[in-house]
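For reference, the chains in residue letters:
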Amino acid sequence: MCMRCGAMDRWMLFLALVLAAVAAVQGAGYLRLGTRSKWTLPLMIGSFIAQMFVLGARGDMRGACPLLDTGEILVFSAWALTIFYMGVGSMFRLSLLGVFTSPLVAFLLALALVPGLMDTEPVRATSVDPWREMHAALSVMAYGALGLAAVAGVMFIVLNRKLKDADTSTGLFKNLPPARELSGIVVRLLLIGYALLTGGLVCGVLMEGAMSAANHLIAALIIWAAYGILLLVDWRRGMPPGKLSLAALVLFVLSLLVFPMIS
Amino acid sequence: MELICLGLNHETAPVEVREHFAVPADKLGDRAKELLELSSVSEGVVLSTCNRMEIYVAAENRQAGEEVLRSYLATGRDVQEMKHLYAKTGDEVKRHLFRLVSGLDSMVLGETEIFGQVKQAYKQALESGATSGVLNRLFQKSFSVGKKIRTNTRIQVGTTSVGSAAVDLAEKIFGKLKGSHVMIIGAGEMSRQVAQSMMSRGASHLTVTNRSFERAQDLASELGGNAVPFDAWEESLVQADIIVSSTGASEPVLLAVHVEAVRRKRRYRPLFLIDIAMPRDIEKTVGDIEEAYLYDLDKLQKLANEARVSRAEQVRICEEMIDLEI
């Protein structure tokens, strides 16, 4: 095992947390003044690089995909959330997404630092099951997309409230993207997340010892079915964007309950 | 050397007078050069836009310079027209020019076009050899003040009329208005203005309904839309994204049940309703429908007033910045 990596990954995790937290606080401060911070994206890129280092070091220690304890899953989720933010944010010119995403990323990274959640001396994998690795990687990527859908949903809910109350003089209102764009992004991210989640579930069923993780798989299936019903309803008959956004947020929070079931 | 500015603008002169003083855009340099032939005038810049015509000169003597400029401008114009001119001297000229390039003296407060127009006027004067040390310094300084004000204040942000507040809100709901369907209920002047603003920002479909179908047809043909009879407007609710209502009805025309009835057919798309009628045309409870955003005259007026207050504060900041630069 790489001993230096063992100490370094904690420091890099701390650095990733600090950068995301600074992005959150600084972005919110600028928003109150009615402007957008130019530093949100660079800070989040910095946090992303630090997260990559943590995952790289953990992978090196594990000799496998670093998704074998809760701490690693939390860091991987933060990484997936950040990569989707960087992709979606620049694709749809949603610079404000960073201000809403960074607190969630910081929260996930802070949780990962809680003693006991990340093995300080991870056991090196003796064998690698590609289905298990694919299941973990795809599921966490799905969480990134679904988490970002929840973040965009929160942005929509905030904007919707402000539009309803004619509260349009705040910096937050002025910087939020249009309501129709936001609800469109929620749907697209839900679709991407759902496709990844489906792939992750299929791999989960095919992995060795799938039956020993039956509770985890059942919970994941329920979450998968709930997202499926949400998308189906929206596709078949349409949904008020506010309800869709709220559903994206509630389902994401509920889906986090699957984490404690991972053995 | 004394600074003098003589001119007229949209506040001091009607368009008939302004057009009589207007100078073609490609002749600004030649006219500036002509000024040097006047006694006492050493440098000159001529500015002419659709809203103003102004002459800036550096003269050896303030009084003589102003008199010679007035008689220069009086050639071919009557005494009544000359009464619309204003004159500024010394630091007043600096303050006026700095306010001008910052958009504080414009018809649309904070507009940016004037900056380029002043720059163009100065460039032509410079190229024709009509400027030297005094006006070069003045105009260069004005450009740096203009840039500083636009960078450090929010003078150009915000809307100050009910119509523009409605259009800005529509863009906050729909993003680009391209492809949006606007429906007008009641072909009054105010709804015409709002609809026209929506169409100019990209809305591509327009439906007009009015108790007098003929009037609906007139407005529809003027704005490039379709007219529907007043007893059939409810069918158009399915397509509409933005509804502007301003009938003279004494009871609400558009009720919550009308919107509820088409929600599913609309697939719960956002619906922006602008009620500019007095008494109101749209039932208040329409605003409780989740995807409906209802703004009446009071709400829109409140937004426009907030913007005006914000602008007034920005103007105060700009004036303070200009004071420091003089």
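Scope of this entry: the structure provided in the associated data block. (Residues numbered from 1 in each chain as written. Chains lettered and ligands numbered in written order. Predicted model: local features only at pLDDT ≥ 70, side-chain atom pairs only at ≥ 80, totals over all residues. Heavy atoms only, no water.)

## Here we look at the overall build of chain A
(1) Moving on: A count of helical and extended segments in chain A gives nine helices and zero strands.
(2) Moving on: In sequence order, the secondary structure elements of chain A are arranged as α-α-α-α-α-α-α-α-α.
(3) Moving on: In terms of overall dimensions, chain A is globule-like: its C-alpha atoms have a radius of gyration of 19 Å, near the 18 Å expected for 263 residues.
(4) Moving on: The C-alpha extent of chain A, read off along each of the three principal axes, is 60 × 45 × 30 Å.
(5) Moving on: The proportion of buried residues among the 263 residues of chain A is 53%.
(6) Moving on: Contacts spanning at least 24 positions in sequence make up 79% of the contacts within chain A whose residues lie at least 6 apart.
(7) Moving on: If you sum the accessible surface of chain A, you get close to 11,800 Å²; carbon and sulfur atoms cover 72% of it.
(8) Moving on: Treating the 19 positive side-chain charges of chain A as one cloud and the 13 negative ones as another, the clouds have centres 15 Å apart. (Helix = DSSP H or I, 4+ residues; strand = E, 2+ residues; numbered from the N terminus. Rg over C-alpha atoms; globule rule 2.2 N^0.38 Å. Buried < 20%, exposed > 50% of the residue type's maximum accessible area, 1.4 Å probe, protein only. Contact = heavy atoms within 4.5 Å. Areas by Shrake-Rupley, 256 points an atom, 1.4 Å probe, with all protein chains shown as cover. Lys, Arg positive; Asp, Glu negative; His and termini not counted. Charge placed at Lys NZ, Arg CZ, Asp CG, Glu CD.)

## Topic: the sheet that holds strand β2 (residues 41-48) of chain B
Hydrogen bonds between backbone atoms are what pair the strands of a sheet, whose relative direction is either parallel or antiparallel.
Residue and element names in this part refer to chain B.
(1) Moving on: Overall, antiparallel pairing links the four strands, which are arranged β2-β3-β1-β4 in an open sheet. At either margin of the open sheet sits one strand with a lone partner, and together these are β2 and β4 (86-89). Averaged over all neighbouring strand pairs, the angle between strand axes comes to 15 degrees, with direction disregarded.
(2) Moving on: As defined by bridge partners, β2 adjoins strand β3 (residues 52-59) across seven bridges and the pair is classed as antiparallel. If you follow Glu43 over to β3, its bridge partner there is Ala58.
(3) Moving on: Packing against the sheet, helix α2 (residues 28-35) makes contact with β2 and β3, and its axis sits at approximately 150 degrees to β2. (Pairing = 2+ DSSP bridges. Axes fitted to C-alpha atoms, helices over the stretch in contact; angles between N-to-C directions.)

## Examining the interface of chain B and chain A
(1) Moving on: With 25 residues of chain B at the interface, the matching set in chain A holds 28 residues.
(2) Moving on: Where chain B abuts chain A, roughly 2,100 Å² becomes buried across the two surfaces, and 47% of that area is made up of carbon and sulfur atoms.
(3) Moving on: The interface formed by chain B and chain A holds one salt bridge in total.
(4) Moving on: Of the charged contacts, one joins Glu290 of chain B and Lys243 of chain A as a salt bridge, the two residues approaching to 3.2 Å between their closest N and O atoms.
(5) Moving on: Remark: the boundary between chain B and chain A carries 19 residue pairs in polar contact (both at pLDDT 80 or more).
(6) Moving on: Of the residues forming the side of chain B that touches chain A, the biggest block, five residues, is contributed by helix α8 (residues 162-174) of chain B.
(7) Moving on: Across the side of chain B that touches chain A, the residue classes tally to nine nonpolar, three polar and 13 charged. (Buried area = accessible area lost by both parts, 1.4 Å probe. Salt bridge = Lys/Arg side-chain N within 4 Å of Asp/Glu carboxyl O. Polar contact = N/O pair within 3.5 Å; in protein donor to acceptor, adjacent residues only side chain to side chain. Nonpolar A, V, L, I, M, F, W, Y, C, P; charged D, E, K, R; others polar.)

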